[in-house]
Protein chains: 2
Amino acid sequence: MKIAFVGLGNMGAPMARNLLRAGHALIVFDLIPAAVEGLGAAGAEGAHSPASAAHAAELVITMLPASPQVRAVYEGAEGILAGVAPGVPLIDSSTIDPQIARTLAAAAAAQGNPMADAPVSGGTGGAASGSLTFMVGAEASLFERIKPTLAAMGKSVVHCGGSGNGQVAKICNNLVLGISMLGVAEAMSLGVALGMDAKVLAGVINSSSGRCWSSDTYNPYPGVIDGAPAARGYTGGFGTDLMLKDLGLATDAAKQSRQSVAMAAVAQQLYQLWSARGGGQKDFSSIIEMLRHD
Amino acid sequence: MKIAFVGLGNMGAPMARNLLRAGHALIVFDLIPAAVEGLGAAGAEGAHSPASAAHAAELVITMLPASPQVRAVYEGAEGILAGVAPGVPLIDSSTIDPQIARTLAAAAAAQGNPMADAPVSGGTGGAASGSLTFMVGAEASLFERIKPTLAAMGKSVVHCGGSGNGQVAKICNNLVLGISMLGVAEAMSLGVALGMDAKVLAGVINSSSGRCWSSDTYNPYPGVIDGAPAARGYTGGFGTDLMLKDLGLATDAAKQSRQSVAMAAVAQQLYQLWSARGGGQKDFSSIIEMLRHD
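Residues numbered from 1 in each chain as written. Chains lettered and ligands numbered in written order. Predicted model: local features only at pLDDT ≥ 70, side-chain atom pairs only at ≥ 80, totals over all residues.

1. Focus: the overall build of chain A
Helix and strand counts for chain A stand at 14 helices and nine strands. For 294 residues, the compact-globule formula gives about 19 Å, and the C-alpha radius of gyration of chain A, at 20 Å, lands near that figure. By principal-axis analysis of the C-alpha atoms, chain A measures approximately 65 × 45 × 35 Å. Within the span of chain A, comprising 294 residues, buried residues form 58% of the whole. The long-range fraction of contacts in chain A, counting pairs at least 24 apart against all pairs at least 6 apart in sequence, stands at 63%. (Helix = DSSP H or I, 4+ residues; strand = E, 2+ residues; numbered from the N terminus. Rg over C-alpha atoms; globule rule 2.2 N^0.38 Å. Buried ≥ 20, exposed ≤ 12 C-beta atoms within 10 Å, placed from the backbone. Contact = placed C-beta atoms within 7 Å.)

So this is what it looks like as structure tokens:
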């Protein structure tokens, strides 16, 4: 299939490479010429704008930093909606506000292009190894149509319901994640301050009702889990600033729907504090460094 | 073995019955005469005070509501320390402040009685079925000595380190639990308000990094997990007021050790609000009722 791919950053570039490996023909665009050249060396054709990339494509995929870039790439004068042929499906894998995703999908539908939101989890490692999880918001028929292509970039493709629901699922999951990580960070810091061994404490929590991914797979206390970011100075992993962005989306969405998310709001403020104190580029579990004084 | 058991409430009475079933001789005390009579019918001997219950015992176990009762039962004029023979081990299974547990253990040690803190998880159901988890703070030799007796009341007996560490483990686990439950309640409420199906959302979270006991075993949204308190109007389970007590212990312990637990402090306030609004006796997952407006 001839696929237009726009947004060749830390996530988009390895995703596009996996589509090439799966045998698809790619026409790509990024604001940074070197990113386009990099994919060109791997066999992709370069384009001069999102509109020209989309022009001859049978499918369009975008992977961009945030809502403003997504709106510009789709709705700009040289944007995808200006160039794409009617009937061609559009997939945005960026993580953005669910309402903006729905507004964009409605605009695309109005000109005859079915559009899915399909944000991912799994990070740059998952993008490189093709083991991402796609959380897809789309009509059932569109979901079935795009699933095989997404499967070339991920190990799991989950249908979350209609337009925008992929974004809802992602921000709700990351809301729980951001909160539970802070809960584990507080518990581990407190327990050690009160005289407990960190590994023994984690063992109790992991076999009790406090069990969670943040404790049993990604424990923020150094020495508890081999291979977690805590074991390598909080390098790699999922950056504090990315968690901060997702909690910002969650609290914005909560405002729009008049939903109380007091814990998420406090978590957002704590990650913001940690980012301001220099932890923004570290893995988000590094927030325990702000809490520990042992 | 001849065991003194003091505190025959919703937890203590079934625990004592399991000791009788295991073949131990029991001498029991409770402030409520009917509670003593109930155990008497099951084969236990009644006593007139904690001191007299402890007098001829080879082991003493207590299960009381909170720190003030524990101090009174051990240190009062008619208390256990006034009646017990030197060398007899003492086990307190109440959930109390770790510092008070350590102070009491030091006082007991000073008169020749080794003392363990052994709070439990598993609730009244676990107490009745003998499937509690004991989190034990004690010297290693004392732990080995009391483990078989505790095993007659529970399926899991975990050594958490020295005196007080059983209490530390319990309040740290319940700190994570109270926080993650609120995180899941916020995510489920927000996701449904934004148009997602509750079961689909829980499925995404449970297979992603938001996975936790509060979501995959005890999800607060009705209809997601058969058998969870949410499926029966939040009856049974672990009451909001009990979670509130444990978060109070956690935030008190954090003050003593100058540890920041901002998320636990907000959680404590939210459960307090829910208790004040009538949710105190319901299972703690009912706090989602305060958040939902779908």
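2. Here we look at the domain arrangement of chain A
Residue and element names in this part refer to chain A. As far as domains go, chain A holds domain 1 (2-163) and domain 2 (167-291). Here the C-alpha centre of domain 2 lies 29 Å away from the C-alpha centre of domain 1. At the junction of the two partners, domain 1 supplies 14 residues and domain 2 supplies 11 residues. Here the element with the most residues in the side of domain 1 that touches domain 2 is helix α6 (residues 98-110); it accounts for three residues. Of the residues assigned to the side of domain 1 that touches domain 2, the class counts are seven nonpolar, five polar and two charged. (Domains from an automatic or database assignment. Nonpolar A, V, L, I, M, F, W, Y, C, P; charged D, E, K, R; others polar.)

3. Thoughts on the pairing of strand β1 (residues 2-6) of chain B
All names here are of chain B. Counted residue by residue, β1 has four buried out of five residues, so it is predominantly covered. Two strands pair when backbone bridges link them, and β1 and strand β2 (residues 25-29) are joined in this way by five bridges, in the parallel orientation. Across the sheet, the residue bridging to lysine 2 is alanine 25, located in β2. Regarding topology, helix α1 (residues 12-21) serves as the crossover connection from β1 to the parallel β2, and that connection is right-handed. Two strands pair when backbone bridges link them, and β1 and strand β4 (residues 59-62) are joined in this way by four bridges, in the parallel orientation. Each bridged residue has a counterpart across the sheet, and for valine 6 the counterpart in β4 is threonine 62. (Pairing = 2+ DSSP bridges. Right-handed = clockwise from strand over helix to strand, strands pointing away.)

4. Some remarks on the relation of the copies chain B and chain A
With an RMSD of 0.0 Å, the fit of chain B onto chain A corresponds to turning through 180° and sliding 0.0 Å along the axis. Here the symmetry operator amounts to a two-fold rotation axis. Among all residues of chain B, the one whose C-alpha sits closest to the rotation axis is cysteine 212 of chain B, at a distance of 2.0 Å. The share of interface residues of chain B whose copies in chain A are also at the interface is 100%, consistent with both copies meeting through the same surface. (Least-squares fit on C-alpha atoms with pLDDT ≥ 70 in both.)

5. Quick notes on the environment of glycine 279 of chain A
Residues and elements named next belong to chain A. Tracing the backbone through its elements, the reader meets glycine 279 in helix α13 (residues 262-279). Counting along the chain gives 142 residues from glycine 279 to glycine 137, while the straight-line C-alpha distance between them is 32 Å. Once residues within four sequence positions are removed from consideration, glycine 279 is found in contact with Thr240, Trp274, Ser286, Ile287, Glu289 and Met290.

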